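Close look at the chain arrangement
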Amino acid sequence: MRIGQAIDIHPLESGRPLVLGGVEIDSPKGLKGHSDADVLLHAIAESVLGALALGDLGANFPDTDPKYKGSASTLLLDEVYRKMREKKYHIGNVDATIMAEKPHLAGYKAQMTENVASILHCDVDQISIKATRGEKLGFVGRQEGMTALAVCLLEEDE
């Protein structure tokens, strides 16, 4: 058994799509980054990499590599899944929290959960995605950015 944890942070920017958990969300601002800047999938992917002792997201998918420019984070998480399988592990569970003042994410969480479970080849009841607001405090509360936290438990294949 291995455990990994991660946090990801991206600033918000007008004119970019907002993608969380592989779901495009109706919002006047999106997350700025080299890829689609999906903080949720980045935190989940990095927690798996951490559990496998494979370093962070930047070491595995450098923002200096043009092949990742504008890429969907679903593809990054899929690559992390392949690395996990090569090391003969599978998902025990993932617990993640998105911190975003707006928009409200309750209506999107089920699709995000299904997307993550599909990419990681596990049941939806092994994936927990929560959302909380910044209560107008800090960069999240001022709607300058979003962050996500994730913890994963990996189990060794038998």
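Above this text you will find the structure in question.
Residues numbered from 1 in each chain as written. Predicted model: local features only at pLDDT ≥ 70, side-chain atom pairs only at ≥ 80, totals over all residues. Heavy atoms only, no water.

**Considering the layout of surface pockets**
- Estimates place the volume of the largest pocket at around 250 Å³.
- Along its surface, the largest pocket is lined by 13 residues, and His34, His42, Leu57, Phe61 and Asp63 are the ones closest to its centre.
- Of all elements in the fold, only β1 (2-14) and α2 (57-60) reach the threshold of two or more residues within the lining of the largest pocket.
- A class-by-class count of the residues in the lining of the largest pocket yields five nonpolar, six polar and two charged. (1 Å grid on protein atoms, 1.4 Å probe; cavity = no way out; pocket = protein on both sides within 12 Å on 5 of 7 lines; lining within 4 Å. Points joined across faces, edges and corners; volume = space filled by probe spheres on them. Helix = DSSP H or I, 4+ residues; strand = E, 2+ residues; numbered from the N terminus. Nonpolar A, V, L, I, M, F, W, Y, C, P; charged D, E, K, R; others polar.)

**Things to note about the nonpolar core**
- Counting residues in hydrophobic clusters, the biggest one holds 45 residues, and the most contacted among them are Leu20, Ile44, Leu120 and Leu154.
- Those elements that provide at least two residues to this core are β2 (18-20), β3 (23-25), α1 (39-51), α3 (73-86), β5 (89-99), α4 (109-119), β6 (127-132) and β7 (145-156).
- The element best represented in this core is α1, accounting for nine residues.
- The residues touching isoleucine 44, leaving out its near neighbours within four places in the chain, are Leu77, Val94, Ala96, Val116, Leu120 and Ala150. (Core = buried A, V, L, I, M, F, W, Y, C linked by side-chain atoms within 4.5 Å. Buried < 20%, exposed > 50% of the residue type's maximum accessible area, 1.4 Å probe, protein only. Contact = heavy atoms within 4.5 Å.)

So far we have only geometry, and geometry alone does not tell us how the molecule works.
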